[in-house]
Amino acid sequence: MNRKAQVSYFIIAGFVLVLAVATVMYISQERARIESPATITEGAYSKTPIARYVEECLEKSTAQGLAIMSVQGGYIDIPYGAFTLNALDKENRVVIEEDGRKRITQGNEPNQIPYWLLYSRPDFPSIDDIKSELASFIEREVMLCIDDFNPFKEQGYEIEYGFIQANVELGKDVIVNIDFPITAKKDDDTIEIERFLTIAPVNLKLVYDTAYFIAANELSFGFIEDATNNLISLYSGVDENKLPPTAATITNFDCDYTTWNQDDVEDNMKGILSQGMNYIKVKGTEFKQPPKGILNSFIFDPGLNEIKGLKADFEYRPEWDLLKFNVKPKTAGGIANPDKIAAAGVPFLPQICSFEYNYKYDVEYPVLLTVTDENSRSEERRVGKECRSRWSPYH
C-alpha cells in the first residue's frame, strides 16, 4: 500500500524477557515402599537430601532458562540464520556458552535479539515454541546438574533413575512439571520419587500476548511509521540545526539559503529518534498521560484491555547506527541544497529569490519495545525493531 507521508517498512526484532524469578515453590510427589522398619512416609520425602538435591537443580535450571530467554528475544537457542539486533542489557546480563552449556553472567557484551518482523514478514516464536524450548532446556540441564547422583553414591547410596520429561505451562505463573523416576537404596531403606513440580510467579503469558498483539498491530497499521513521520515534521525546518523540511518555500531579497551536511543531519536524526521513541505510548497500558498537544498523536490504540501495571516503552539507543540514511536531493559531496528560483524583479527593486525545500527521507533504524508487568515485577519483554523509512509528501 502506497500512502503519502509514510514510512515504508518496519522490522520488529525479537522480544527480550527480563525475568527476576522470585519466590519459587516446589511441589513433588513420591511413592515410598516399605522395605524395612526405616520407612519414608508419604509427603516426607521432600525432607530427604536426594529430593532437595533434585529440587535445587530444577530451580536453577528453570531460572536459568527463563533468564536466557529474557535477553535473547524469547529464545534459548537462536535459530540458525536468524537476523539479530545486538543490544546491551541494562542490568549487564550476558548469555555465554561454556562446554556446550548456556548460562547468564555479568558483563558488558551485547546479547543477540532475533527479529520478530523482517521486511513485513513475521518471524517470532509461538507460545508453544517457548514452552517446548524451555522444557527441553530444563530436561538437559537437570540431567547435567544431578551429575549421576555422584555425591550420594559416594555416601553409599545405590541410585537408579530414568529419563526426565518436562512439561511447561504458562498462565499467571510458569509451571514446570517433570516426570523423573528415581529409586534410591541405602542399607535397608528405599526411597522412590517420581515427579517434581516448580512454580515460578512470572506472568510470562501476559507479557508475551501483549508484545505479540502490539507487534501484530504494527504490522497491520504501521503506527511507528506514523510516529516517525510526526517526528520528522516536528523537528524539521529551514534551519541548519533542524532536519531538512519535506515541504517549505522561502522568498528573500539577499538570495541567501540554508544547506545541510548529510553527516550532521544523520547525527541529528539519531538524537531525535532517541528522544522521540519515548513519546510512543500504547493505549491500554500504563503510562503518564502527556499534556494536550502534539504528543497525544504518539498514543496508539491497538484495542488492548486495560491492565493495571502493564507497561510498554519504546526505545532507540544512540549507540546503534542508523542502518540506512539518505536525504534527497543532495550533491555528490553529501550537501542538501534547495531548488532555487530567481526572478529579475521589477525595475528599481532588488532581485527576489525563491527557494523550495522539498526533501525525501530514506532511513532504517532499530527500536526496542519493552513490555513490563508491574504486578509481578518479574518480567519484561523487549521487542526490538529495525525501521526502514522512506518518506516524502510526493510519493
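Residues numbered from 1 in each chain as written. Predicted model: local features only at pLDDT ≥ 70, side-chain atom pairs only at ≥ 80, totals over all residues. Heavy atoms only, no water.

**Some remarks on the pairing of strand β12 (residues 189-200)**
Step number 1: Within β12, 9 of the 12 residues are buried, which leaves it mostly tucked inside the rest of the structure.
Step number 2: Looking at chain direction, strand β11 (residues 174-186) and β12 are connected through 11 bridges and run antiparallel. Looking at the pairing, Asp179 lines up with Arg195 of β12.
Step number 3: Between β11 and β12, which follow one another and run antiparallel, lie 2 residues, and Asp187 among them has a positive phi close to 55°. (Buried < 20%, exposed > 50% of the residue type's maximum accessible area, 1.4 Å probe, protein only. Helix = DSSP H or I, 4+ residues; strand = E, 2+ residues; numbered from the N terminus. Pairing = 2+ DSSP bridges.)

**Here's the deal with helix α4 (residues 204-221)**
Step number 1: Spanning 18 residues, α4 covers 26 Å between terminal C-alpha atoms, matching the ideal 26 Å at 1.5 Å per step.
Step number 2: Burial in α4 covers these residues: Leu204, Leu206, Val207, Tyr208, Thr210, Ala211, Ile214, Ala215, Asn217 and Glu218.
Step number 3: The positive-phi residue at the C-terminal boundary of α4 is Gly222, with phi of around 60°. (Expected span 1.5 Å × (residues − 1).)

**Describing the packing of α4 against helix α5 (residues 223-234)**
Step number 1: At a closest axis distance of 6 Å, the pairing of α4 and α5 adopts a crossing angle of 65°. If you check the angle between α4 and α5, you find them roughly perpendicular. Packed against α4, whose contacting residues are Ile214, Asn217, Glu218 and Phe221, the element α5 presents Phe223, Ile224, Glu225 and Asp226 at the interface.
Step number 2: Split into classes, the residues belonging to the contact of α4 with α5 amount to 4 nonpolar, 1 polar and 3 charged. (Axes fitted to C-alpha atoms, helices over the stretch in contact; angles between N-to-C directions. Parallel < 35°, antiparallel > 145°, perpendicular 65-115°, else oblique. Contact = heavy atoms within 4.5 Å. Nonpolar A, V, L, I, M, F, W, Y, C, P; charged D, E, K, R; others polar.)

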